[in-house]
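Analysis of the macromolecular model
Below are the chains, spelled out letter by letter.
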Amino acid sequence: MSVPATATATGVPVLEPKPRRRRRLPAYWPLLAFLLLVLALSLLKVVTGAQDLVSSGTISATIIATVPIMLAGLGGLWSERAGVVNIGLEGMMILGSFGAGYFAYNFGPWWGVAGAIALGMIGGLVHAVATVVFGVDHIISGVAINIIALGAVTYLAAATFTGLPGGGSKQSPTLPDVQSITIGPLSDALQDVEGRDVFFVSELAALARALCTNLSMMVVLAVVLLVASFFVLWRTPFGLRLRACGESPAAAESLGVNVLRYKFTAVLVSGGLAGRGGGFLAMVASSTFRDGQTGGRGYIGLAAMIFGNWRPGGLLMGSGLFGYTETLGLRQGGTSVHALLLALAVLALLGALWQMRRGQMGAAALTVLAGVVIGVVYFLIDEVPGDFTAMTPYVITLLVLAFASQRLRMPAADGQVYRKGSAG
């Protein structure tokens, strides 16, 4: 095969190196990576004795913790792929949690789902009008929505739920939940396999049992929304035009794309998805609306989206990471988080080797130092104090974002104010 050549100023041809082609990963790599992760956790369980790392209860709780973060991040993905930064995800989740509380209590569970989406879309509508129509700075608009939503929901909750049986100024009565899926015979059989404590096999059984025991339909619908978002944004002409608005709106407009309409639509969808996440917290995670129950998950969803490099698959992994570490902090937190310290130390050393292969000696030295410090802490203590277990998901998120920052690429025109006709 010939190598391309160019002529220098003296006319002597110079061979150009052949550009390196990125190898495409096989289609089955996500499943393989997931199985390797379960295998690693099984090994960690054996080494540390932390029995709750991969139990069915832990997996079920992780799913509940992951879904609202994933939905918020998915809302941010829609918005930012169209070029609009949505810091207001937290406020839209707050609106969605109240919408779920009000409509589910008064009209039924599926009306609660619809109410959560509708109120989240109202927040998205305000953000779209401010940023797309009037050109307000995206960060300022998002922060304003968070503040307004918090105040409005506090007032509405006190006016709506006070005096109701089981309700109050800061919480609703118990809400009806949507249907859940349980496959009884399969669940019982998997429980038996999980209880035998066979290396790796019992962990796989625990995972499967969590997926066929009391699995809420809202979890299933959340997965459908994730897959549908990937298909719409990456496999349809509509998605191609929407992503073009986030990469180069001027070029998109020059090709006849109504940029403002696509941005407006994306932010509305973003608000609906974030509201859906807030509704999940109210109806599934706690079965009641409570003031402040979003707990900053809108911001964490945004971080998960960034960790996922503005892609649905990466977003799911980031959300799962936060949900898993949050769950471990709540279930036998001291023992389970202590086991994670050993995993972090090993991962830091492996990361340092990878950095050394890339010639990043300074970064590798810092990574080795961090791994050694974490390893020393693991061997010096037997259990992580309770005050620190609550910090685990936030610390893990910061560490992952710090290591992943070098490979991230946001949409080129994300956060830029665009005026119609700017294509010239």
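See the structure printed just above.
Heads up: these notes are all about the structure in this document.

Thresholds applied
Residues numbered from 1 in each chain as written. Predicted model: local features only at pLDDT ≥ 70, side-chain atom pairs only at ≥ 80, totals over all residues. Heavy atoms only, no water. Helix = DSSP H or I, 4+ residues; strand = E, 2+ residues; numbered from the N terminus. Rg over C-alpha atoms; globule rule 2.2 N^0.38 Å. Buried < 20%, exposed > 50% of the residue type's maximum accessible area, 1.4 Å probe, protein only. Contact = heavy atoms within 4.5 Å. Areas by Shrake-Rupley, 256 points an atom, 1.4 Å probe, with all protein chains shown as cover. Lys, Arg positive; Asp, Glu negative; His and termini not counted. Charge placed at Lys NZ, Arg CZ, Asp CG, Glu CD. Salt bridge = Lys/Arg side-chain N within 4 Å of Asp/Glu carboxyl O. Core = buried A, V, L, I, M, F, W, Y, C linked by side-chain atoms within 4.5 Å. Axes fitted to C-alpha atoms, helices over the stretch in contact; angles between N-to-C directions. Parallel < 35°, antiparallel > 145°, perpendicular 65-115°, else oblique. Left-handed = near helix turned anticlockwise from the far one by under 90°. Phe/Tyr/Trp six-rings, centres within 6.5 Å; stacked < 30°, edge-to-face > 60°. Expected span 1.5 Å × (residues − 1). Arc of directions from axis to C-beta. Polar contact = N/O pair within 3.5 Å; in protein donor to acceptor, adjacent residues only side chain to side chain. 1 Å grid on protein atoms, 1.4 Å probe; cavity = no way out; pocket = protein on both sides within 12 Å on 5 of 7 lines; lining within 4 Å. Points joined across faces, edges and corners; volume = space filled by probe spheres on them. Nonpolar A, V, L, I, M, F, W, Y, C, P; charged D, E, K, R; others polar.

Notes on the overall build of the chain
The helix and strand tally for the chain stands at 17 helices and four strands. Taken over C-alpha atoms, the radius of gyration comes to 24 Å for the chain, in line with the 22 Å a tight globule of 424 residues would show. Considering only C-alpha atoms, the chain reaches an extent of 90 × 60 × 40 Å along its principal axes. Sorting the 424 residues of the chain into buried and exposed places 45% on the buried side. Intrachain contacts of the chain at a sequence separation of at least 6 include 76% that bridge at least 24 residues. Here the chain displays about 21300 Å² of accessible surface, and carbon together with sulfur accounts for 68% of that area. Charged side chains of the chain number 27 positive and 19 negative; the gap between the two group centres comes to 14 Å.

Some words on the pattern of salt bridges
For the coordinates displayed, the defined rule picks out eight salt bridges. Between R409 and E247 there is a salt bridge, with its nearest N and O atoms 2.9 Å apart. Taken as a pair, R409 in the segment after α17 (392-404) and E247 in helix α9 (residues 237-247) lie far apart in primary sequence, 162 residues in all. Residue class for R409 comes out partly exposed when judged on its relative accessible area of 48%. We classify E247 as partly exposed; its relative accessible area is 25%.

Quick word on the environment of L242
By secondary structure assignment, the location of L242 is in helix α9. Once the C-alpha coordinates of L242 and Y105 are considered, the two residues, 137 residues apart in sequence, prove to be 37 Å apart. Ignoring sequence-local partners within four residues, the contact set of L242 consists of W78, R81, A82, L233, Y262 and A266.

Some points on unusual backbone geometry
The phi angle at S287 is positive, at roughly 60 degrees, despite the residue not being glycine. Taking the relative accessible area as the measure of exposure, S287 reaches 26% and is therefore partly exposed. Even without being a glycine, W310 presents a positive backbone phi close to 60 degrees. Mapping W310 onto the fold places it in the loop between α12 (297-307) and α13 (312-330). Of the residues examined, W310 reaches a relative accessible area of 6% and is grouped as buried.

Some thoughts on the nonpolar core
L53, V67, L74, L77, M218, L242 and M283 are the most contacted members of the largest nonpolar core, which has 68 residues in total. Core analysis: the next-biggest nonpolar cluster, separate from the first, contains nine residues, L119, V153, A157 and F161 among them.

Some words on the packing of helix α8 (residues 217-235) against helix α11 (residues 259-285)
Running from N to C, α8 and α11 point in directions that differ by 165 degrees, and their axes come no closer than 11 Å. Considered as vectors, α8 and α11 are oriented roughly antiparallel to each other. In this structure, α8 meets α11 at a crossing whose hand is left-handed. Contacts between α8 and α11 involve M218, V219, L221, A222 and L225 from the former and L273, R276, G279, F280, M283 and V284 from the latter.

Some thoughts on the packing of aromatic side chains
Per the counting criterion, the structure on display carries eleven aromatic pairs. Relative to F379, the ring of Y378 has its centre 5.0 Å away and its plane inclined at 80 degrees; by these criteria the two rings are edge-to-face. Residue classification places F379 among the exposed positions, given a relative accessible area of 66%. Through a chain of ring-to-ring contacts, the aromatic side chains of F98, Y102, F103, F107, W111, F161 and F289 assemble into a single cluster.

What about α8?
With 19 residues, α8 should reach 27 Å at 1.5 Å per residue; the first-to-last C-alpha distance of 26 Å fits that figure. Looking only at α8, the buried set comprises M218, V219, A222, L226, S229, L233 and W234. One side of α8 carries all its buried residues, which in axial view fall inside an arc of 125 degrees. Within α8, the exposed residues directed more than 90 degrees away from the buried face are V227 and R235. Where α8 is buried, its residues contact α2 (56-81), α4 (109-133), β4 (215-216), α9, α11 and α13. At the N-terminal boundary of α8, the capping side chain belongs to S216, with an oxygen 3.1 Å from the backbone nitrogen of M218.

Quick look at empty space enclosed by the protein
Counted under the stated rule, the structure contains three cavities of 30 Å³ or more. Size it by volume and the largest cavity reaches roughly 70 Å³. Around the largest cavity, the lining residues are I300, A303, A304, F307, G318, L321, F322, T397, V400 and L401. Contributions of two or more residues to the lining of the largest cavity are made by α12, α13 and α17. Per-element accounting of the lining of the largest cavity gives the leading share, four residues, to α12. Here the residues of the lining of the largest cavity sort into eight nonpolar, two polar and no charged. In this model, the second largest cavity occupies a volume close to 50 Å³. For the lining of the second largest cavity, the elements supplying multiple residues, two or more each, are α3 (89-107) and α5 (138-161). Looking at the lining of the second largest cavity, its residues break down into four nonpolar, four polar and two charged.

Digging into the side chain of T389
If you trace the backbone, T389 turns up in helix α16 (residues 386-389). With relative accessibility at 7%, the residue T389 sits in the buried group. Not counting residues within four places of it along the chain, the set of residues in contact with T389 comprises G329, G333, G334, V337 and V384.

Re the environment of Y418
As for its placement among the helices and strands, Y418 is situated in the segment after α17. The spacing of Y418 and L260 is 158 residues in sequence and 8.2 Å in space, taken between C-alpha atoms.

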